[in-house]
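Descriptive analysis of the structure
If you want the building blocks of each chain, they are given just below.
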Amino acid sequence: SLKNTGSIPMHRVAVLRPFANLLAEIGAPVERGFRQAGLPVDSLNDINNYIPSHRFWSFLVDMAHREGMPSLGFHVGQRYGAKCADPKITELLRRAPTIYQGLSKVSKFIKRTVTHCQVGLVSPAQNQFTYFYHRPSCDAQNLAIHQIGWFGVMTLIGIVRECVGPHWQPGEIGVMTDYTPSRDIRDQFPGTRIRWLQPFSYIALESALLNRRPLGYT
């Protein structure tokens, strides 16, 4: 079972491929990075392959450091948005009659993409906001959290933007780290409150938004 905490956490290659693509675009030595992290280079050929999560994290930490890209995860999430977890996600969203149902379906799908990862919606009582959250399979002490945290946030934002339009901004973002985001991150969210040291990553959605139909509903 994917929820068996005794098993080794695994990532589906669908999540690794956007990182490899962006790094290859800037001329980074992706194959060498794979070998150093103990990842088979040919694993990229099939997005349905699974790789051990600790090797994926090692690859991210090493490449971000080697390329001088402390915001690597943010940039990958920003570039690929909803498709970060799987290319089919946009289609799942468009087939849902409401945004709430779309986000719920996608959350279940993502949990099969990364084992030991939690994604979902929480609506506290007497609160106008619903929180779309991502609790990654690595904890806040893992060096990869700087990459995974913002990658997760940008994927969540990308999913919502598929439903409501490309310029939507969350009123609040929660991140698990306490390090100050780079200027390129801050510049993307001029009117958004960012809360540090949260137990999981999240974006706040106005609850009324969830009853709307996703853009392109078919």
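Quick note: structure is the one above.
As a starting point, this report considers the structure included with it. (Residues numbered from 1 in each chain as written. Predicted model: local features only at pLDDT ≥ 70, side-chain atom pairs only at ≥ 80, totals over all residues. Heavy atoms only, no water.)

1. Points about the pattern of salt bridges
The line we're drawing: When a carboxyl oxygen of Asp or Glu lies within 4 Å of a side-chain nitrogen of Lys or Arg, that pair is called a salt bridge. Numbering of helices and strands runs from the N terminus; a helix is a DSSP stretch of H or I covering at least four residues, while a strand is a stretch of E covering at least two. Any residue under 20% of the maximum accessible area for its type is buried, any over 50% is exposed, and the rest in between are partly exposed; the area is computed with a 1.4 Å probe on protein chains only.
Applying the stated rule across the entire model yields nine salt bridges. Residue Glu31 pairs with Arg35 through a salt bridge whose shortest N-O separation is 3.9 Å. Separated by four residues within a single helix, Glu31 and Arg35 lie in helix α2 (residues 30–37), roughly one turn from each other. For Arg35, a relative accessible area of 54% corresponds to the exposed category. One salt bridge in this structure joins Lys88 and Asp86, with 3.8 Å as the shortest N-O distance. When its relative accessible area of 48% is taken as the criterion, Lys88 is described as partly exposed. Via salt bridges that share partners, Arg12, Asp86 and Lys88 belong to a single interconnected network.

2. Observations concerning the pairing of strand β4 (residues 129–135)
Applicable threshold: Two strands are counted as paired when DSSP detects at least two bridges linking them.
The element β4 is extensively covered by neighbouring structure, given that five of its seven residues are classed as buried. Where strand β3 (residues 118–122) lies against β4, five bridges are found, and the strand directions are antiparallel. Pairing of Gln118 across the sheet is with Arg135, part of β4. From the end of β3 to the start of β4, which pair antiparallel, there are six residues, and Gln126 there has a positive phi angle of about 55°. Relative to strand β7 (residues 201–206), β4 is paired through six bridges, and the arrangement is antiparallel. The residue of β7 that forms the bridge with Tyr133 is Tyr202.

3. Side note on the packing of aromatic side chains
Working definition: an aromatic ring pair is given by the centre-to-centre distance plus the angle between the planes. Our working rule: Only rings of Phe, Tyr and Trp enter the pairing, Trp through its six-membered ring, and a pair is recorded when the two centres are within 6.5 Å. The plane angle decides the type: under 30 degrees is stacked, over 60 is edge-to-face, the rest tilted. Both a distance and an angle decide whether a charge sits over a ring: NZ of Lys or CZ of Arg must be within 6 Å of the ring centre and within 35 degrees of the ring normal.
Applying the stated criterion across every chain yields a total of eight aromatic pairs. Ring geometry for Phe74 versus Trp150: centroids 6.2 Å apart, planes at 80°, classification edge-to-face. Pair noted here: Phe74 is in helix α4 (residues 72–80) and Trp150 is in helix α7 (residues 145–164), with a separation of 76 residues, a long-range link. Taking the centre distance of 5.2 Å and the plane angle of 50° together, the rings of Tyr133 and Phe200 count as tilted. A residue pair is termed long-range when its members are at least 10 positions apart, and Tyr133 in strand β4 and Phe200 in the loop between β6 (193–195) and β7 qualify at 67 residues. Overall, Tyr133 belongs to the buried group, its relative accessible area being 16%. Given the relative accessible area of 22%, Phe200 is considered partly exposed. Against the face of Tyr80 rests Arg79, its NZ or CZ located 5.9 Å from the ring centre.

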